[in-house]
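These are the residues of each chain, in order.
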Amino acid sequence: MDAAPTVYEDRLAAQMDRGDFVLAVVTATKPDFYKQAPVVAAAEANDVPCFVIHTGQHYDDVLGHGLEEYGIEPHIAADLGIRGDLTQKTAEMMLAVKALAERLEAWPDTTVLPMVHGDTHAAGVFPQAWMFATNQQVAHNEAGLRGMAPAYETTDDPAAVIREQWRGDWHVERTEPFPEQYDTFVGSAASIYQFAPVALNREHLEREGYPRSVDGHERMPVVGNSVVDAIEMKRDHDGESVFDVYPVLEARDDWLRVDIHRRANLLPERFTAIVEGVIELVERGYNVNFVELNATKRALENYGYRERLQRLADERENFLFTGLWKKHAHVYEFLESGQCFAEFTDSGSMQEELNEIEAALCLTARFSTDRPETVFDANTNLLVPPTSGAFVADMITHVAETDDVRERMRSGQALYGADVGEEIVEFLRARADDGVFDWAHERLGFDAGSEQAFDYL
């Protein structure tokens, strides 16, 4: 196993030589690219030394395009080259981060604060790896994501399921999505600063024992979600329109865009319910765009659905079967265009994005969600439990044909603020003046000396 990261020495030195504090923004997967990009941009605008550590998990031309699209590529000072399944990624991350930490020892007087994001596997593993290698913690953008589920009393009446979600009781549900719920929980344990999107996220963290402040210094600010900055960055994108790539999206309207990839939804019962529901909606005459991600393709092939969907696309003008859209700006363009009635998704980020984007509704193919505030606070999102194909089709049909439900979802409260990257960077710049790390004896008011620790620590 090659644990040596690729280090771009000129980029690294350009930031490490600038001062006593450097922010190291960690990216791993597609959501990181557009949610961490506003932090990188804000650091550059505010003259805060900053470089990017890319784990390398999403690196191909499509999944990795966000590095170029959001201007992150020139800021990458280290590429860890992580590959493989969850076990391999975990092992490689531990070793690569240790090697990078050793490289950074060339600047003994410079404090490096990595910042991970969300509930990606890197958000779970990188903080542990960094803490084990340096005995220091990280910052966490989009911290406190905790799955919650409504108290379902019925699973066959769409109107009742909606009432239960918008008006009923909810409880914490720690098991899904996997491994994201594991990653967000363990990532918190190695984070010194937790940037919570909404107050609910901070409440989760406080309930688990994380301090809101230490010695009068805030540790857990509610800052909003940097996805709003990403949307603004790409709202007026240059270049080819999504309607040039897929002209049928402009020729027909009220599209349902389907985006499914979570591991739990690839289980046979759930995946069958989702795909059969989509097919039923096409047969009912709804315009459906099914977006095939890598994991989705493998599941479609495994369960014998891929050829069926390809035939359906050949036979029906109201069914568009595409691969993953390369440009994230195209997703925003389509969702804001008025041509898309709703996104049927299991993406966490999409639930946030569609809270900000009013034109399209969010229908989430899950039994629980780690963005529950979009459901019971904003009413811009609804869970569509994948119990059967018939129920999936009936619930989406109910939403599509019930004017007051659609209007309520479109007029819901925007939750995630504005200029979030700027707020995060301003917070950290203020902390940097006082020192970003401390020990228990310092927090408790004891002077235990400040001699250099030996290698055991």
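Shown above is the structure to which this text applies.
On a predicted model such as this, the values are computed, not experimentally measured, just so you know. (Residues numbered from 1 in each chain as written. Predicted model: local features only at pLDDT ≥ 70, side-chain atom pairs only at ≥ 80, totals over all residues. Heavy atoms only, no water.)

### Description of the overall build of the protein chain
Okay, so step 1: Each helix and strand in the protein chain was counted, giving 21 helices and 17 strands.
Okay, so step 2: Scaling as 2.2 N^0.38, a compact globule of 457 residues should have a C-alpha radius of gyration of about 23 Å, and the protein chain matches this with 23 Å.
Okay, so step 3: Principal-axis analysis of the C-alpha atoms gives the protein chain an extent of 75 × 45 × 40 Å.
Okay, so step 4: Of all 457 residues assigned to the protein chain, the portion counted as buried reaches 57%.
Okay, so step 5: A total of about 19,000 Å² of accessible surface is found on the protein chain, and carbon and sulfur atoms cover 46% of it. (Helix = DSSP H or I, 4+ residues; strand = E, 2+ residues; numbered from the N terminus. Rg over C-alpha atoms; globule rule 2.2 N^0.38 Å. Buried < 20%, exposed > 50% of the residue type's maximum accessible area, 1.4 Å probe, protein only. Areas by Shrake-Rupley, 256 points an atom, 1.4 Å probe, with all protein chains shown as cover.)

### Some remarks on the pairing of strand 13 (residues 287–292)
Okay, so step 1: The buried fraction of strand 13 amounts to 6 of the 6 residues, a majority that puts the element mostly inside the structure.
Okay, so step 2: Neither face of strand 13 is open: one carries Asn287, Asn289 and Val291, the other Val288, Phe290 and Glu292, and all of them are buried.
Okay, so step 3: Relative to strand 13, strand 12 (residues 255–259) is paired through 5 bridges, and the arrangement is parallel. Bridge pairing in strand 13 places Val258 opposite Phe290.
Okay, so step 4: As for the winding sense of the linkage, the β-α-β connection from strand 12 through helix 12 (residues 268–283) to strand 13 is right-handed.
Okay, so step 5: The pairing of strand 13 with strand 14 (residues 319–323) spans 5 bridges and is parallel. Its bridge partner being in strand 14, Phe290 is matched across the sheet by Phe321. (Pairing = 2+ DSSP bridges. Right-handed = clockwise from strand over helix to strand, strands pointing away.)

### Focus: the environment of Val392
Okay, so step 1: With respect to the secondary-structure elements, Val392 resides in helix 18 (residues 389–401).
Okay, so step 2: With relative accessibility at 0%, the residue Val392 sits in the buried group.
Okay, so step 3: With 118 residues separating them in the primary sequence, Val392 and Ile274 have C-alpha atoms 6.7 Å apart.
Okay, so step 4: Excluding its chain neighbours within four sequence positions, the residues that come into contact with Val392 are Ala273, Gly277, Phe344, Val384, Pro385 and Pro386. (Contact = heavy atoms within 4.5 Å.)

### Side note on the nonpolar core
Okay, so step 1: Ranked by internal contacts, the top residues of the largest apolar core, which has 103 residues, are Leu256, Phe344 and Leu363.
Okay, so step 2: Val26, Ile53, Val116 and Phe126 belong to the second largest nonpolar core, which has 28 residues in total. (Core = buried A, V, L, I, M, F, W, Y, C linked by side-chain atoms within 4.5 Å.)

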